[in-house]
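Here is how the chains run, residue by residue.
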Amino acid sequence: MDSRFAPLGFGPADILLPRDCDLNRWCVVACDQYSSQPEYWQRVAGYVGQAPSALHLVLPESRLPAAPEEIDAIHRAMDAELAAGRFAELPDSLIYVERTLSDGKVRRGLIGQVDLECYGYTPGSGALIRATEGTVLSRIPPRVAVRQGASLELPHVLLLLDDPERAVIEPLGAQTGQMEPLYDFELMEGGGHIAGWRLNEAQVAAVARGLAHLADPEVFAQKYDAEGRPVLLFAVGDGNHSLASAKAAYEAQRGTPAAALARYALVELGNLHDESLEFEAIHRVCFGVDPEDLLRALLAAYPGAHLGPGEGQQLRWLHAGGEGIVTVPDAPYQLPLATLQAVLDPYLAAHGGRVDYIHGEDVARRLGAQPGNLAFLLPALGKDELFKTVIFDGVLPRKTFSMGRAQDKRFYLEARRIR
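The paragraphs below set out a description of the structure included in this document.

Quick notes on the rules
- Residues numbered from 1 in each chain as written.
- Predicted model: local features only at pLDDT ≥ 70, side-chain atom pairs only at ≥ 80, totals over all residues.
- Heavy atoms only, no water.
- Core = buried A, V, L, I, M, F, W, Y, C linked by side-chain atoms within 4.5 Å.
- Buried < 20%, exposed > 50% of the residue type's maximum accessible area, 1.4 Å probe, protein only.
- Helix = DSSP H or I, 4+ residues; strand = E, 2+ residues; numbered from the N terminus.
- Contact = heavy atoms within 4.5 Å.
- Pairing = 2+ DSSP bridges.
- Arc of directions from axis to C-beta.
- 1 Å grid on protein atoms, 1.4 Å probe; cavity = no way out; pocket = protein on both sides within 12 Å on 5 of 7 lines; lining within 4 Å.
- Points joined across faces, edges and corners; volume = space filled by probe spheres on them.
- Salt bridge = Lys/Arg side-chain N within 4 Å of Asp/Glu carboxyl O.

The next thing to look at is the nonpolar core. Leu-110, Leu-159, Leu-211, Leu-243 and Leu-386 are the most contacted members of the largest nonpolar core, which has 64 residues in total. Ranked by the residues each element gives to this core, the list is headed by helix α5 (residues 201–215), at six residues. Setting aside anything within four residues of it in sequence, one finds Leu-386 in contact with Thr-132, Leu-160, Leu-272, Phe-279, Leu-381, Leu-396 and Phe-401. By size, the runner-up hydrophobic cluster in this structure holds 45 residues, among which are Tyr-40, Val-48, Leu-57 and Leu-413.

This brings us to the pairing of strand β16 (residues 313–319). The buried fraction of β16 amounts to five of the seven residues, a majority that puts the element mostly inside the structure. Of the strand pairs in this sheet, β16 and strand β17 (residues 322–328) are connected by seven bridges, and their pairing is antiparallel. Directly across from His-319, in β17, lies its bridge partner Gly-322. In textbook terms, the turn of a hairpin is the stretch between consecutive antiparallel strands, and for β16 and β17 this stretch comprises two residues.

Our focus in this paragraph is helix α2 (residues 38–48). Regarding α2, the residues found buried are Tyr-40, Trp-41, Val-44 and Val-48. For α2, the angular spread of buried residues about the axis comes to 90°, placing them on one side. In this structure, α2 carries Gln-42 and Gly-46 as exposed residues pointing more than 90 degrees from its buried face. Each element contacted by the buried residues of α2 is listed here: α1 (23–26). At the C-terminal side of α2, Gly-49 shows a positive phi close to 60°.

The full count for this structure, using the stated rule, is five cavities of 30 Å³ or more. Of the volumes computed, that of the largest cavity is approximately 390 Å³. Lining the largest cavity are 26 residues, with Arg-143, Val-146, Arg-147, Leu-154 and Ser-242 positioned closest to its centre. Of all elements in the fold, only α4 (140–147), β8 (152–153), α7 (240–253) and β13 (264–271) reach the threshold of two or more residues within the lining of the largest cavity.

The next thing to look at is the pattern of salt bridges. Inspection of every chain in the model, using the stated rule, returns 22 salt bridges. Between Arg-419 and Asp-79 there is a salt bridge; the shortest N-O distance is 3.3 Å. Highlighted residues: Arg-419 in the segment after β21 (416–417) and Asp-79 in helix α3 (residues 68–83), separated in sequence by 340 residues. Note on Asp-79: relative accessible area 35%, which makes it partly exposed.

Below is the structure:
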């Protein structure tokens, strides 16, 4: 990594961009979206057909668990695209991205790579780059299986920088005339519009200076009243499981020649204070359960918990027989989600069934209303509390929040060699 960026854990990368293809068909949304809506992915597959597309290079979670031959097919597709000269390489580069979302707002970001030695996802980690939410360890092995043996990575990870002065990324928006234009097109399935430019050397140097200022221990301690605590420069906003899988795959190769490439992972860096970033709740839908029995377990878990509104944390629920609220007075956790998850996990382990993490209340309601299902509709997290909560309390419960709707998640576009 560029020596100016090495202490920062994020910097320029050798980025691959697809060429000689329809970019609208190439770009598909992050693999962890629409996991309970296989019809979405079937529709995308019909639209893409046999055209060159990232769809052939990733594994949507709606298809998990995957058979070994399916993973082998992904690896062969990657090798075939490389052999066909599908990609143009941008050595040692940062890409400035403007993504027009489905609501018309523009999200600004920087594409580069992170040093996985600087990233930690375990609770209590003091790493420079940290997970914001608990990691579901069972979701890592299937992704590691895809990454191991893969010649390419395609990123959907979004890192967050806490830059209220908007001094690092936002100034680039007025400087695109001094950059090399790379792409500018519409995304499929209502995904909005995306445009990207390659930074020049002066702009790369300015980014390094801005990040170094935020990483200064004195600046950090004063900003968060966190004297003596390790600096947190980047928090994972989206794609934590993909980054955790990249870390696990790298650790398995540490000490081998392959580790030189595996040590890094391509990501997009965004500013927490970008006006387009809105934290939205991730709802829970339990499948294959007795809804009334699960609600009784929730009520029994907390003294004074009762059906209906009242003083305390309120958990909204919905199933085929109706909907309502469970109120938990004097809840032992700060977040309603933590109060719920502390009951869900042991209940499902003992009684069977499964839980899925659903973006969008409309989808959660539709799924929850089906017989044998129970949906919990959760409030959104205030994003201004994110960094301080991670610094002082550690990771949040897994899948606490989402940044925007499913169609506004990162689409696979850029790639990087990892073998």
